[in-house]
Amino acid sequence: MTLVDTPRPTSTPLGGPTLAQERRLVTSIPGPKSRLLSERKAQAVSAGVGISLPVYVVAAGGGVLVDVDGNSLIDLGSGIAVTGVGNSAPRVVEAVAAQLAQFTHTCFTVAPYDSYIEVAEALNRLTPGNHAKRSVLFNSGAEAVENAVKIARHFTGKQAIVAFDHAYHGRTNLTMGLTAKNQPYKNGFGPFAPEVYRAPMSYPLRDGGLDGVTAATRAISQIEKQIGASNLAAIIIEPIQGEGGFIVPAPGFLATLLAWCRANEVVFIADEIQTGFARTGHMFACEYEGIVPDLICTAKGIAGGLPLSAVTGRADIMDSPQAGGLGGTYGGNPLACAAALATIDTYEAEHLVERAADIGTIMGERLRALAAADPRIGEVRGRGAMMAIELVDPATGEPDAALTGRVIAASHAQGVILLGCGTYGNVIRFLPPLSIPDALLLEGLQVLAEALAAESAAA
Ligand SMILES: Cc1ncc(COP(=O)(O)O)c(C=O)c1O
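Structural notes, computed from the coordinates. (Residues numbered from 1 in each chain as written. Predicted model: local features only at pLDDT ≥ 70, side-chain atom pairs only at ≥ 80, totals over all residues. Heavy atoms only, no water.)

So, about the site of the ligand. All residues in the neighbourhood of the ligand are listed as Ser140, Gly141, Ala142, Tyr168, His169, Gly170, Glu238, Glu243, Asp271, Ile273, Gln274 and Lys300. Gln274 is positioned with one of its side-chain polar atoms (N or O) 2.9 Å from an oxygen atom of the ligand. Contact between the ligand and Lys300: an oxygen atom at 3.0 Å from a side-chain N or O atom of the residue. Alone, the ligand offers 390 Å² of accessible surface; in the complex the protein occludes 83% of this. Of the residues in the shell around the ligand, the class split is three nonpolar, five polar and four charged. (Near = heavy atom within 4 Å. Polar contact = N/O pair within 3.5 Å; in protein donor to acceptor, adjacent residues only side chain to side chain. Areas by Shrake-Rupley, 256 points an atom, 1.4 Å probe, with all protein chains shown as cover. Nonpolar A, V, L, I, M, F, W, Y, C, P; charged D, E, K, R; others polar.)

Below, the structure written as structure tokens:
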């Protein structure tokens, strides 16, 4: 890290990969200009919009964000798993700028354009399975989930939907209902949509280490008793749960659920909104177990930071809704489509699937070494560039959310952007952009190690 005594000149740096790849603190975090902006935010923006780290960004790229005070922070969050290709990735910037000069919007459902079709073709090619597929584009992850449910209901003529403990699927009405955690996502926002049911997840650290088949059999038994397959349109599941705590189900859990769905004419929807697009060291996390979902929801890493999401799946299911039943004003906006094509090109040309796996090796080794010497780290888990530690009370194994909050705050103060998650608020997740240099990644993890060490010294 560079320590500078006086604030740097105020000219705004350009983002993208040319931004200096360093941690550099010139003020306390947040600095004075960010604090002023926080005051304005409190006056202008709904208090319902929470902020993890109130440093206001002026540029970002590679593995850093630069704030209004001239601080350069290490980014281990990627805007919640979005900027896999990095901020302002060159191919994305070029493609979006070119599209911007051509036209910005026609509405695909009014007067279409070819880039939407090209994105659909790319998704049909990249997602698991060689069967005939179709795609439809939207703006946000929640919108993709909503539409996957609509499509599954239309196709099956059934209504019930099963989501899992610890699930996160969004903040719209239906997706709040699918999401498990009350605070902050659901509290006071009901009533929620009917015909949404919850089943037990496989969570090896906290379910006594049930093997995947047993955990799935438990879930299936509950589904059969409480809902009945003849009423069930779909189950929706994240192959690795995101907000719920980066929970990796035991091997066999997903495959057993999928086999039951196939046998019972229940649509299997994989929500790969956080796990998708190279993040886990495969293009999609379902690939780890050879899972071929009927429908797959994608967003986040799809378009280098521009808002785009999709539902992709079996042609017979996707072609079920009547024309006009799916769509929306902005879904598959031409700028977002240009960004997605350039982003997908970047994943492939720069071998970012392999890069995510390498990042996973680096993070896994460092985090496991920390865990070996620190019983407060109850588990290191995840895949590729999607890893987490779960912090516990070593005496009881109970979640330690207070420690988690303090370690995250201390890392923020040292210029490393870390995100928490987990039903019990005791998980720290690592989602670096795949463009982060190794040295910066290791420096970020060193800051975490020092924050943990300072906590044991204080105890
Ligand atoms: C697994 C999963 N599904 C759905 C969503 C909702 O996506 P969005 O915030 O774009 O609506 C998220 C967002 O974090 C997610 O992680």
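Here the narrative resumes.
The subject of this paragraph is the pairing of strand S10 (residues 267-271). Here S10 lies mainly inside the structure; five of its five residues are buried. Bridge analysis of strand S9 (residues 232-237) against S10 gives four bridges, and the strand direction is parallel. Bridge pairing links Ile237 to Ala270 in S10. Where S10 meets strand S11 (residues 295-298), three bridges bridge the pair, whose relative direction is parallel. (Buried < 20%, exposed > 50% of the residue type's maximum accessible area, 1.4 Å probe, protein only. Helix = DSSP H or I, 4+ residues; strand = E, 2+ residues; numbered from the N terminus. Pairing = 2+ DSSP bridges.)

On to the pattern of salt bridges, then. Overall, the coordinates contain 16 salt bridges when judged by the stated rule. With a shortest N-O distance of 3.1 Å, Asp294 and Arg314 are connected by a salt bridge. With Asp294 in the loop between S10 and S11 and Arg314 in strand S12 (residues 309-314), the pair connects residues that are 20 residues apart, well separated along the chain. Asp438 serves as the salt-bridge partner of Arg355, at 2.7 Å between the closest nitrogen and oxygen. (Salt bridge = Lys/Arg side-chain N within 4 Å of Asp/Glu carboxyl O.)

All right, on to the pairing of strand S8 (residues 196-199) then. Here strand S7 (residues 160-164) runs beside S8; their pairing, made up of four bridges, is parallel. By the bridge assignment for S8, Ile161 is matched with Val196. The parallel pair S7 and S8 is bridged by helix H6 (residues 173-178), and the resulting crossover is right-handed. (Right-handed = clockwise from strand over helix to strand, strands pointing away.)

Direction vectors running N to C along helix H4 (residues 114-126) and helix H10 (residues 334-349) enclose 35°, while the axes themselves pass 9 Å from each other. In this structure, H4 crosses over H10, and the sense of that crossing is left-handed. Contacts from Ser115, Tyr116, Glu118, Val119, Ala122, Arg125 and Leu126 of H4 reach H10 at Pro334, Cys337, Ala340, Leu341, Ile344 and Glu348. (Axes fitted to C-alpha atoms, helices over the stretch in contact; angles between N-to-C directions. Left-handed = near helix turned anticlockwise from the far one by under 90°. Contact = heavy atoms within 4.5 Å.)

On to the sheet that holds S8. Pairing is mixed in the open sheet, where seven strands are placed in the order S6-S12-S11-S10-S9-S7-S8. Looking at strand neighbours, the two that pair on one side only are strand S6 (133-138) and S8, the edges of this open sheet. If you compare each strand with its neighbour and ignore which way they point, the axes differ by 20° on average. Here three bridges tie S7 to S9, and the two strands are oriented parallel to one another. Counterpart to Ile161 in the pairing with S9 is Ala234. Where helix H8 (residues 253-263) meets the sheet, it contacts S7, S9 and S10, and its direction lies at approximately 165° from that of S9.

With that settled, consider H4. Between its terminal C-alpha atoms H4 stretches 18 Å, which fits the 18 Å expected from 13 residues at 1.5 Å a residue. Among the residues making up H4, those that are buried are Ser115, Tyr116, Val119, Ala120, Ala122, Leu123 and Leu126. The arc that holds the buried residues of H4, viewed along the axis, is 160°, so those residues lie on one side. Turned more than 90 degrees away from the buried face of H4, the exposed residues are Asp114 and Arg125. (Expected span 1.5 Å × (residues − 1). Arc of directions from axis to C-beta.)

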